[in-house]
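Architecture at a glance
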Amino acid sequence: MKRFLLLLLSATLLLLLLTAGSSVSGAELGHLPDNITVLEGDSVTLRCRIEEEVTHRAWLNRSNILYTGTDKWTLDNRVTMANNNDSDFSIHIEKVRVYDEGPYICTFQANNRPLVTQVYLIVQEPDPFFSAVFSSARIVNVSRSVSVNEGENVNLFCLAVGRPEPTVTWKEQEYGLMSEGEFLDITEIKRQQAKDYECITNNGVAPPDQHKVKVTVNYPPMITDMKNMPAHLGKTAILRCEAMAVPPAAFEWYRDEHRLDSDNTLRIKNEKTRSLLLFTNVTEKHFGNYTCSASNRLGASNASMLLFRPGAIQGRGTALTSGASGAICLLLSLSCAFFLLKA
């Protein structure tokens, strides 16, 4: 009782020192429970709920000041600020120890008078019998994040221990539960299955333990957007080439089998999933067939498209993957030449 009175006196004196000459609009303190009981080694959050605006708030333990507002006074790294806003002034204690037991006071200034509330933290040592019979589920070995090529098999594992023996499940955010048991097997994985897969283990003794494994699926480029574009002499024009690939594709542009580089009449702008061929001043020599090539270590994809005078030709370009027939390319070139001569 003497200790509590001393602590209450310390809290009151602290506020009087901090708030001399101050005024506030008023507030009410949300009631803390009389006691909070935790096991040694666990963590605990002490919440002080407040309604309306207050000033000069503080947390104390025994005769020690822990926090005044956001200013930390204690040197204990286990004690941190959990919340400090208009409605919640809370502290968090990691890995509670026996000597943390005792009264904790939340105090603040409102309407020129100090308000005080307290909670008594009780720290219990773990029951040796309980520890021998029960232990929380925890993951002790789990697959690392993996990167595989599309079509390969993926085998993930997640090993857990605990008493009683814990369950292990694999979940994926979009589809939910995928598998029960320590192993998750995906046969001939597809690019759409590149996700985070979460292993969750639980035995009811403590909150579940969980771990995410990231699966990356590599695949060759596939050009998804290309089309022929009209252009006016003396104006600007753009040919676009978009490709999906993992790893991201490297882009190149060709005309008549010659690789193009940026110059004073055109500029190549490569981005993560697309490449732009920018014509700054279209001339007669710019009309014709252009080929975009997208490649990574798994393969390549090509697409041909025309820059043409308005009214000469319309439609989309032609996409060709690596290994496409040379005859198709020749036929496309002849068709392009025919339309250009006819124009």
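Residues numbered from 1 in each chain as written. Predicted model: local features only at pLDDT ≥ 70, side-chain atom pairs only at ≥ 80, totals over all residues. Heavy atoms only, no water.

1. Some points on the state of the cysteines
Simply put, the disulfide is a covalent bond whose two ends are the sulfur atoms of two cysteines. In the structure shown here, the tally under the stated rule is three disulfides. A sulfur-sulfur distance of 2.0 Å marks the disulfide that ties C48 to C106. Judged by the sign of its S-S torsion, about -80 degrees, the cystine formed by C48 and C106 is left-handed. Taken together, the residues span a long stretch of sequence, with C48 in the loop between strand 3 (44-46) and strand 4 (50-51) and C106 in strand 10 (residues 102-110) at a distance of 58 residues. (Disulfide = S-S within 2.5 Å. Helix = DSSP H or I, 4+ residues; strand = E, 2+ residues; numbered from the N terminus.)

2. Concerning the pattern of salt bridges
Per the counting criterion, the structure on display carries ten salt bridges. In this structure, E150 engages R191 in a salt bridge whose closest nitrogen and oxygen atoms are separated by 2.8 Å. On the criterion of sequence distance, the pair formed by E150 in the loop between strand 13 (146-149) and strand 14 (154-163) and R191 in the loop between strand 17 (183-186) and strand 18 (196-202) is long-range, its members being 41 residues apart. Linking K269 and E271 is a salt bridge whose minimum nitrogen-to-oxygen distance equals 3.7 Å. Since its relative accessible area comes to 36%, K269 is described here as partly exposed. Three or more residues are tied together by salt bridges with common partners; here these are R47, R49 and D88. (Salt bridge = Lys/Arg side-chain N within 4 Å of Asp/Glu carboxyl O. Buried < 20%, exposed > 50% of the residue type's maximum accessible area, 1.4 Å probe, protein only.)

3. Looking at the side chain of N203
Along the chain, N203 turns up in the loop between strand 18 and strand 19 (209-225). Its relative accessible area of 14% is what places N203 among the buried residues. Within the structure, N203 has its side chain in polar contact with the backbone nitrogen of A137 (distance 3.4 Å). Leaving out residues up to four positions away in the same chain, N203 has contacts with S135, S136, A137, G162, R163, P164, E165 and P166. (Polar contact = N/O pair within 3.5 Å; in protein donor to acceptor, adjacent residues only side chain to side chain. Contact = heavy atoms within 4.5 Å.)

4. Remarks on the confidence of the model for the chain
Caution applies to low-pLDDT regions: their predicted coordinates should not be interpreted in detail. On average, the chain scores 81 in pLDDT, and the residues at 70 or more come to 79%. Per-residue pLDDT, averaged within each element of the chain, yields its smallest value for helix 3 (residues 326-342) (35) and its largest for strand 13 (97). pLDDT under 50 marks residues 1-9. Its contacts with residues more than four places away, or in other chains, come to eleven contacts. Low pLDDT, under 50, characterises residues 15-31; the stretch is placed with 47 contacts to residues that sit more than four places away or in other chains. (pLDDT = per-residue confidence, 0-100.)

5. Considering the packing of aromatic side chains
In the structure shown here, the tally under the stated rule is one aromatic pair. On the basis of an interplanar angle of 70 degrees and a centroid distance of 5.4 Å, the ring pair of F279 and Y290 is categorised as edge-to-face. Remark: Y290 occurs in strand 26 (residues 288-296) and F279 occurs in strand 25 (residues 274-279); sequence separation between them is eleven residues. Overall, the relative accessible area of 1% leaves Y290 in the buried class. Lying across the ring of F89, R57 places its NZ or CZ 5.6 Å from the centre. (Phe/Tyr/Trp six-rings, centres within 6.5 Å; stacked < 30°, edge-to-face > 60°. Lys NZ or Arg CZ within 6 Å of the ring centre and 35° of its normal.)

6. Observations regarding the sheet that holds strand 12 (residues 135-142)
Pairing between sheet strands relies on hydrogen bonds along the backbone, with the strands arranged either parallel or antiparallel. In spatial order, the strands read 12-14-17; together these three strands make up an open sheet with antiparallel pairing. The sheet terminates laterally at strand 12 and strand 17, the two strands that pair on one side only. Shown here is a sheet whose adjacent strand axes are inclined to one another by a mean of 20 degrees, direction ignored. In terms of strand pairing, strand 14 meets strand 17 through four bridges, oriented antiparallel. Counted as the bridge partner of F157 is F183 from strand 17. (Pairing = 2+ DSSP bridges. Axes fitted to C-alpha atoms, helices over the stretch in contact; angles between N-to-C directions.)

7. Topic: the sheet that holds strand 7 (residues 71-72)
Here six strands make up an open sheet; going across it, the order is 2-11-10-5-6-7 and the pairing mixed. Among the strands making up the open sheet, the edge pair consists of strand 2 (35-39) and strand 7.

8. A few points about a nonpolar patch on the surface
Taken together, the side chains of V133, F134 and V205 define a hydrophobic patch exposed on the protein surface, amounting to about 190 Å² of accessible area. Here F134 falls in the partly exposed class, since its relative accessible area comes to 33%. (Patch = residues over 30% accessible without salt bridge, like charges linked within 9 Å, V, L, I, M, F, W, Y side chains within 5 Å. Areas by Shrake-Rupley, 256 points an atom, 1.4 Å probe, with all protein chains shown as cover.)

9. What about the environment of C106?
Given the relative accessible area of 0%, C106 is considered buried. Separated by ten residues in the primary sequence, C106 and V116 have C-alpha atoms spaced 5.9 Å apart.

10. Concerning the pairing of strand 25
Buried residues dominate strand 25, accounting for five of its six residues. Two elements, strand 21 (residues 237-246) and strand 25, share six bridges in a ladder whose sense is antiparallel. Within strand 25, the position partnered with L239 by the bridge is L277. Direction of pairing for strand 24 (residues 266-270) relative to strand 25: antiparallel, over a ladder of five bridges. From the neighbouring strand, R267 faces strand 25, where its bridge partner is L278. Hairpin connection between strand 24 and strand 25: a loop of three residues separates the two successive antiparallel strands.

11. Looking at the environment of H286
Within the fold, H286 resides in the loop between strand 25 and strand 26. Separated by 20 residues in the primary sequence, H286 and L306 place their C-alpha atoms 9.9 Å from one another. With residues near it in sequence (within four places) discarded, H286 still touches R255, T265, F279, N281 and L307.

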